[in-house]
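Chains, contacts and geometry: an overview
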Amino acid sequence: MPTYLYQTICDDGSEGEVFECTHSMQDLLEFHPETGERVRRVYSVPNLATRYTPGHTRQLLSNENLERKGFTKYQKDRVSGRYHKVVGEGPRVIDRPPPGAL
């Protein structure tokens, strides 16, 4: 269900508290659900997240995109601790540094 933004209307006609309410598209609030004050719907710009979504991040970090951009991707072997190349140019295997080297 979508989330809508509402604002209470005070008795003197001034604007009051702004709050969010989740309900179906057919419902329209006329009164605050807790206080019973009159409310009006506040229209705002919709949030169309396209740049920082999980799908966009997954696409940026895909093997094909990394290789096209000239990066090398390695994956750690849990048993040996060595890093094996997945995609790109570079050494086939990178050993982990000895303990205390960093």
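Calculation notes
Residues numbered from 1 in each chain as written. Predicted model: local features only at pLDDT ≥ 70, side-chain atom pairs only at ≥ 80, totals over all residues. Heavy atoms only, no water. Core = buried A, V, L, I, M, F, W, Y, C linked by side-chain atoms within 4.5 Å. Buried < 20%, exposed > 50% of the residue type's maximum accessible area, 1.4 Å probe, protein only. Contact = heavy atoms within 4.5 Å. Pairing = 2+ DSSP bridges. Helix = DSSP H or I, 4+ residues; strand = E, 2+ residues; numbered from the N terminus.

If you look at the biggest cluster of nonpolar residues, it comprises five residues: Tyr 4, Tyr 6, Phe 19, Cys 21 and Val 39. The residues touching Tyr 6, leaving out its near neighbours within four places in the chain, are Glu 17, Val 18, Phe 19, Cys 21, His 23, Leu 28, Leu 29, Val 39, Arg 40, Arg 41 and Val 42.

What follows covers the sheet that holds strand 4 (residues 73–76). Taking strand neighbours across the sheet as the criterion, the three strands line up as 4-5-6 in an open arrangement whose pairing is antiparallel. Edge positions in the sheet fall to strand 4 and strand 6 (93–94), since each has one partner strand and no second. Examined bridge by bridge, strand 5 (residues 83–87) and strand 6 share two bridges and lie antiparallel to one another. Opposite His 84, over in strand 6, you have Val 93 as the bridge partner.

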